[in-house]
Every structure is written in C-alpha cells, then in structure tokens.
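What the coordinates show
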Amino acid sequence: MKAGFLPKLLITPSALLVLICVYGYIMFTVYLSMTPSTIMPVLDYEGPAAYKRLLNLENWQVALSNAGTFALLFIVIAMALGLGLAILIDQKIRAESLYRSIFLYPMALSLIVTGTAWKWLLDPGVGLEHTLRDLGWESFTFGWIKDSEMAIYCVVIAAVWQTAGFVMAMFLAGLRGVDTEQVNAARVDGARSWQIYLRIIIPQLGPVFVSAFVILAHMAIKSYDLVVALTNGGPGRSTWLPSVFMYQYTFTRNEMAVGAASAVLMLVAVGIVVLPYLASEMRKAKHGG
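Report follows, based on the coordinates. Please read all numbers here as calculations on a predicted model, not as lab measurements.

Side note on helix α9 (residues 193–201)
Those residues of α9 that sit buried are Ile196, Tyr197, Ile200 and Ile201. On an axial view of α9, the arc spanned by its buried residues comes to 110°, and they lie on one face. For α9, the exposed residues lying more than 90 degrees away from the buried face are Leu198 and Arg199. In this structure, the buried side of α9 is in contact with α3 (58–89), α7 (151–176) and α8 (180–188).

Considerations on the packing of aromatic side chains
Within the structure shown, the criterion is met by 13 aromatic pairs. Geometrically, the ring pair formed by Trp144 and Tyr153 is edge-to-face, given 6.4 Å between the ring centres and 65° between the ring planes. For Tyr153, a relative accessible area of 31% translates into the label partly exposed. The interplanar angle of 75° and the centroid separation of 6.3 Å between the aromatic rings of Trp240 and Phe245 together place this pair among those described as edge-to-face. Judged by its relative accessible area of 5%, Trp240 is buried. Among the aromatic residues, those joined into a ring-pair cluster are Trp60, Trp240, Phe245 and Tyr249.

Some remarks on the side chain of Glu96
With respect to the helices and strands, the residue Glu96 is situated in helix α4 (residues 96–104). In this structure Glu96 touches Ile89, Leu172 and Arg176, once residues within four positions along its chain are discounted.

Some thoughts on a nonpolar patch on the surface
On the surface, Leu16, Val18, Leu19, Ile20, Val22 and Tyr23 cluster together into a nonpolar patch covering about 570 Å² of accessible area. Assignment of secondary structure puts Val22 in helix α1 (residues 2–32).

Focus: the side chain of Gln162
Tracing the sequence through the fold places Gln162 in helix α7. Within the structure, the side chain of Gln162 is placed 3.0 Å from the backbone oxygen of Pro106, a separation counted as a polar contact. Separated by 2.8 Å, the side chain of Gln162 and the backbone oxygen of Leu109 make a polar contact. Apart from the residues lying within four places of it in its own chain, the contact partners of Gln162 are Pro106, Met107, Leu109, Ser110, Leu111 and Thr114.

Some details on the packing of helix α12 (residues 242–252) against helix α13 (residues 256–286)
It is the contact of α12 with α13, at a shortest axis distance of 7 Å, that shows an interaxial angle of 160°. It follows from the interaxial angle that α12 and α13 lie roughly antiparallel. Between α12 and α13 lies a crossing of left-handed hand. In this structure, α12 contributes Pro242, Ser243, Phe245, Met246, Tyr249 and Thr250 to the contact, and α13 contributes Met256, Val258, Gly259, Ala260, Ser262, Ala263 and Met266. Across the contact of α12 with α13, the residue classes break down as nine nonpolar, four polar and no charged.

A closer look at the nonpolar core
In summary, soluble globular proteins display a tendency toward joint burial of nonpolar side chains. Among the nonpolar cores identified, the biggest contains 65 residues, and Phe70, Phe74, Phe171 and Phe245 are the most heavily contacted of them. It is α7 that contributes the most residues to this core, 14 residues altogether. Excluding its chain neighbours within four sequence positions, the residues that come into contact with Phe70 are Ile152, Val155, Val156, Ala159, Ala220, Ser223 and Leu241.

Quick notes on the rules
- Residues numbered from 1 in each chain as written.
- Predicted model: local features only at pLDDT ≥ 70, side-chain atom pairs only at ≥ 80, totals over all residues.
- Heavy atoms only, no water.
- Buried < 20%, exposed > 50% of the residue type's maximum accessible area, 1.4 Å probe, protein only.
- Helix = DSSP H or I, 4+ residues; strand = E, 2+ residues; numbered from the N terminus.
- Arc of directions from axis to C-beta.
- Contact = heavy atoms within 4.5 Å.
- Phe/Tyr/Trp six-rings, centres within 6.5 Å; stacked < 30°, edge-to-face > 60°.
- Patch = residues over 30% accessible without salt bridge, like charges linked within 9 Å, V, L, I, M, F, W, Y side chains within 5 Å.
- Areas by Shrake-Rupley, 256 points an atom, 1.4 Å probe, with all protein chains shown as cover.
- Salt bridge = Lys/Arg side-chain N within 4 Å of Asp/Glu carboxyl O.
- Polar contact = N/O pair within 3.5 Å; in protein donor to acceptor, adjacent residues only side chain to side chain.
- Axes fitted to C-alpha atoms, helices over the stretch in contact; angles between N-to-C directions.
- Parallel < 35°, antiparallel > 145°, perpendicular 65-115°, else oblique.
- Left-handed = near helix turned anticlockwise from the far one by under 90°.
- Nonpolar A, V, L, I, M, F, W, Y, C, P; charged D, E, K, R; others polar.
- Core = buried A, V, L, I, M, F, W, Y, C linked by side-chain atoms within 4.5 Å.

The following block contains the structure:
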C-alpha cells in the first residue's frame, strides 16, 4: 500500500495546480463570457449577451476572415513544403543530418524571435528591399509588410519558415516506415520514382498527414506571438487574428466579457480540431492498433 501511496502523494500537488490554474481558469473564462465585465471582472450573470455582441462586431469578422486566409495558406504550404523536403532528404543524399539540422533549426527559435527577425527582413527601410537596392537593383520593391492587402501573407511566410522543418521531420519519419516490399516490387515492374511516391508511398502517409494537419491547425488558431512581433496586428486591422482580437478587447478596449467570449470560441475551435484526433488515437491504442 505504501508503494502505491507514495507516487500518488508526489503527483497530487502538480495535479492540483493543473486543475486550478488550467481547468479552473478555463471555467472562470467561460463564466466571465456570461457577465457584463468591462475593465474588471463582474460576477453578475448576464447570459450570452457578450456572444451576441461579439458575433455582430466588424472587428471579429475581420479577424475570422484573416484567420481563414492565414490558416489555409499556412497549413497547405507548410505541409507541401515539408513533404517536398522530406522526399528530397529521403533520396539518401550526402550530409543528410546536416540538412535535417538546418531545416529543423527555425523550430528551435521562439515565435517572438522569428517575428522580430522577419519584421527586420521585410521592412523596406532596412531589410531585403533596402539591401538589394544598395547592391544596385534600384527598381526592386517588396513592401508587403506595409501594405494592408498583403501584410497577412508576410505572417504566412514567417509561420511557414518556422514550422516547415518540423513538418519535414514528421514526413521523413513516415517515409522511413513505409513498406519497402511494395516499393521494391514496383521498381521491378519498371515504375518510375514519381509514380512510386504518388501511388504507393504517399498514400501510406495518411496518419502523418492527419497528425501534421492537427498540429498546424491548432497553431494557426492560437497564433499570437508571431503576429504581435511581426506586424502588431497592422497595418490597421489587416493582420488581426482571433487571438489579437481577444487581447485588444480584453486589455486595451476594456470589454472583458467580449474578450472572454472570443477566447471560449477559440477554445471550441481547437477542441473541434484536436479532440477527434485524440479520440481516434485512444481507440487505436485500446485495440492495439
């Protein structure tokens, strides 16, 4: 009994902290979204009024539109680039470990560092445009970060640069686990490399595609650090995402209930993406799959 009691005793403080500081504050945020809270929390129950106001706000519609554009491009490009890099490295190239390290390096950086570095690189006054003009290409222009129509694509570029190497590592692990008997049989039959990848190898990477999608989708939904460091939501509202909206309305515009409501909707969106995946994995583990 003592042997079973000691582990429970040791883990109890951590479990209590998680219960209070994570799930407790989640429930508190849900309750705040049902109150008329403004600059400070108010515990008077008001019902879903904050959600009705949230859904009618133009800023929320802008944030959702930006999030749709960002998430679609970010997920598709990161997965395509990661798969392409994984296939190239899978060709048994020289210095494979060096290339893997180079492509994975951005993931070791914090999003704040990535956003700051890309902010400098994309700034027309000091970055890429300024450097190329100094080198003699005086007609070169690249001012997307200052353009309200194009700034969201700068966020996509930085996010893809940060995560493509990680996606590459996932696909590379999947490629190394492909059934080689089918591949060898196809080669004996005279199939070309692109046909083998398209018809045999890539279809076997279904679980990797799902895992990569879930990870990238939840990153897209909760992206905040990168946006703030890179554009601070600007120019104007052109790079506002739901997370930026939540911060602005909670701490800048003093509409805490609306900010809490947006946070709850973000949590629901993450749950819609992540929970089915977790349930599927748990079923596989339960049945030994």
